[in-house]
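# Architecture at a glance
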Amino acid sequence: MTNDNLLPISYDDLIANLTDPSSDLEFYLRYMIELTVPGHMAPELLPNPSLVTDIPPRAEGGAAMGLANWFMRGRRHRAYRQLIKEGWAGHRIVSEGDSWFQYPTKLQDIIDHLMGDHAILSLGAAGDELRDMQLQREILVNLKAERASALLLSGGGNDLFDNGQLGRLVETPFPGATAEDLVGEKFNVFLRTLLGRFLAIFIRVHTALPHVHILVHGYGPAFPRGGDWIEKPLTKAGVPLEMQHDVVKVILKRFNAGLKQLATRSEFHGKIAHLDVTDIGTRRSDWHDEIHLNGPNASKVADRFRIELRLRLTGPVPETRMGAPAPVAHVIAQQAEALAAFDEATLLRELDARVSLVEMDPTVASEAQLAPLTVGEPAPEIGFSSIRKATRELMRNWEANLRDVLCGGQAGNQVEQAILDAIGKGKVGLSSAIASWLVTGPLAVPAVIASALAAWLSAKVLAMGRERICSLWQIEGDKVPAILRGAVETSRLTIGDLRDRFTTPDGEASFSKDDQKTRLDALEVTVARDAVDQSIVPVDADGAKKFSKSAAEVIKILGGEADDAPLNPDLADTAEAMIILDGTRPAIYIRDGFVDLDDEKVKTSGWLKQIKDNEADIRKCIAASGRIIRGPDRSANQVYGSAWMLQDGRVATARHVLEEIAIHSVGQWFLKDLFYVDFAVEADREINQNAVFRIASVDWAGPEEIAGTVNPTNVDAAILSLVPVDGRPFPEPIPLTATDDGDAVLGAKWFMNIGHPAQPWGPWLVDAEDGNDKTISKALVSALIGDKFGVKRLSPGRIDVPPGFFPGDQETKHVFTHDATTLGGSSGSGILSLTGIPSMCGLHFAGLFGTRNYAHFVPPIFETGG
């Protein structure tokens, strides 16, 4: 069956099947499009819009990846849990790593091959760098929770190959230089840092869990094949093509030697094994791409792991606590019965306090009986969002596990049956039954937490009822996109919506027959001028012709269809490109602190007067807007997001941008590296170091994890502090919209957005004209909107759906949608209202090319949180 013969499927059904280990993965992957993500080591998978309906918007972010990692990881987790549930009696293994361990397509990676005969909890994610793994607590937490015997580790590949790094690690070539000559001190400095991160992970794991074996691999001798990982960066660095493979072999040989030396250190007592795989992948045909082995050769690496595991895992399986001692279970059940008398707020505080206590002092985890920690204290108002992230995750996980018991049709054992029997016996009896269940089985909860968690779960069950729980609680505790929970509106754009996008402060657009012809003629002239005759990048003439044909269809529809008629989704991207092209919703380059008022698109856009009349305030907003970058990397592919100045050396951005640059653990945020806000990234302008400030810390962030989803109930916002520098004042902040001015701002609708759009990518964007009416070539898009990405742009627009209209936002009223032109990298950017006293009225956080863009309304967000 070809893809042309596939029946359409909804996004909900597609994701449900992709995450179900019993489904035909290869079949459902045919509904996905594999895309190269600028600057990333592994591809991303996105739903094919020609086959998948109701695709929701996703959080924008120039450096973000996620959907493929998410569903592949969820699928593996469910397969692992099912294996354990069926009575697996062998050793358990945890894996953590990069795309050699989780390549998010149907290519069989190392872990895919090993999971056939091993119980492996896979934590890996394509795109993980070693520094990210070093900061994460989940390795230790899961090794301990699973009573694992081994940790499989794959790291360093992203550090070596992502974002053109390889070209920065070689010495400047000179006549007669050998591969050994080019791998010198630059690489040695990098390697020492990399090995230091490995060492930190080894020490942490071995100190906490000395019985765990750690197996780590190097990488095979990859070949240059015209890609962004090897050939392009080495060619840019001046390394001749015929020498590039030898340079890679020298680099990987030294990398392997360093790992081997770490593995043999006496302090690890022989618990670390280094697998040298430099003899695998010695032919070009052995590789799937420049840095990933094909399936058969990944299988050879898996065999190396299989042999090493067979040699090492010869002892007894670590105790799994399948049956907690009856007296302990009885004590916990008694305490759960006592705690069941508490109200929900007190239970939440008690549970949160106990989780915090275990994090601070793990020795108390086995305390079966503990006096309540919150009795006698004042009882402040507390809700789910007020407690610690670790507590929320624990509660969600056990909600999901309890859902399986309540909704699975039949109990799997006596402990589960006791819960079903106790549902009608009130809170005390149910608390006791749930407590006994929590401290038994392979997923046992620490005793000190189990009683409070049981009391809280029993209260939820009795308050909600079994029927509602089975329909509302999430499955398996995985992060489910908001679209699966019905929390995001997914209505298609209408013709009326599209007409509104052609409206400007100069008035509504006319689509009479005469105006249609005038508009189409002007569009043809612009396409010929910008995309064919004097294009920034070469454009296939057929591609320009196809675009013009689609544009003519859009214009005709706008002239005749009713406002409530749905817009054909196949034409949405063409419409978006038209809107940008004619200046109706431009994305104008900022140069020297402002836009060029003589730019033809600005002059004809309908925005010229408003821009001229408010020049002083727009200049201030431009100066106060910056781009988040990692270290010295200012490439367009590394736009983590935008930010804008607040008072006291702080900046606002989106929480999902923060999740890309920092890790939240033990109630704190830890930056993954040195990150900066550059307030002067303009097209064709040299770096102004006086406008670059390092991010010092995280002051505040919305309470809920975003994880790449768009959910109006969440607050996708964060506030960061910058490091002050003597003699270099921060940009002047823009006032925030006050609550009293909110109605006037929303009523006026018009605004200016200042962001840093990253290089676009998506299933609608293809490398070259392919004859498909549903795609646009990258060359054409670059010709139409410009080829300079990651730089500051002005994007005017208007608010189309005000706060309070989306599911989950009726009460808080903190989300609105707008129609300014934004791309990944614009996330976190400010929305400047020019009504009354100019002020920042919104924070842009999500959008999809050709559809709605989402922003937070400032008054309810920053007055309560920031």
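Scroll up a little and you will see the structure.
Predicted model, so just to flag it, every value in this text is computed and none were measured. (Residues numbered from 1 in each chain as written. Predicted model: local features only at pLDDT ≥ 70, side-chain atom pairs only at ≥ 80, totals over all residues. Heavy atoms only, no water.)

## Examining the pairing of strand S16 (residues 675-678)
The following threshold applies: Each pair of strands is called paired provided DSSP finds at least two bridges between the two strands. Helix numbering and strand numbering both begin at the N terminus, where a helix is a DSSP run of H or I of at least 4 residues and a strand a DSSP run of E of at least 2.
Summarising the sheet, strand S11 (residues 625-630) and S16 pair through four bridges and their orientation is antiparallel. Residue pairing in the sheet places Arg 630 in a bridge with Phe 675 of S16. Across three bridges, the pairing between S16 and strand S17 (residues 692-701) is antiparallel. Counterpart to Asp 678 in the pairing with S17 is Val 692.

## Quick word on helix H19 (residues 447-464)
The criterion, for reference: Here a helix's expected span is defined as the number of its residues, less one, multiplied by 1.5 Å. Residue exposure (1.4 Å probe, protein chains only): buried if accessible area is under 20% of the type maximum, exposed if over 50%, otherwise partly exposed.
With 18 residues, H19 should reach 26 Å at 1.5 Å per residue; the first-to-last C-alpha distance of 26 Å fits that figure. With 14 of 18 residues buried, H19 lies mostly within the body of the structure. Gly 465 occupies a position one or two residues after H19 and carries a positive phi of about 85°.

## A few points about the pattern of salt bridges
We count it as follows: Should a side-chain nitrogen of Lys or Arg be within 4 Å of a carboxyl oxygen of Asp or Glu, the pair is scored as a salt bridge.
Applying the stated criterion to the full structure yields 20 salt bridges. For Glu 267, the salt bridge is made with Arg 265, and the minimal N-O distance between the two is 3.0 Å. Residue Glu 267 is classed as partly exposed on the basis of its relative accessible area, which comes to 34%. On the accessibility criterion, Arg 265 (32% relative accessible area) is partly exposed. The salt bridge involving Arg 304 is made with Asp 279; its shortest N-O contact spans 2.9 Å. Of this pair, Arg 304 sits in helix H13 (residues 295-312) while Asp 279 sits in the loop between strand S9 (272-275) and H13; the two residues are 25 residues apart in sequence, bridging distant segments of the chain. Look at Arg 304 and you get partly exposed, because its relative accessible area is 29%. Salt bridges sharing partners connect three or more residues here, namely Arg 76, Asp 109 and Asp 112.

## What to know about the pairing of S11
Most of S11 is tucked away: six of the six residues are buried. Here S11 shows a buried face lined by Ser 625, Arg 627 and Ile 629 and a second buried face lined by Gly 626, Ile 628 and Arg 630. Pairing geometry for S11 and strand S12 (residues 641-645), over four bridges, is antiparallel. Residue pairing across strands places Arg 627 opposite Ser 642, the latter belonging to S12.

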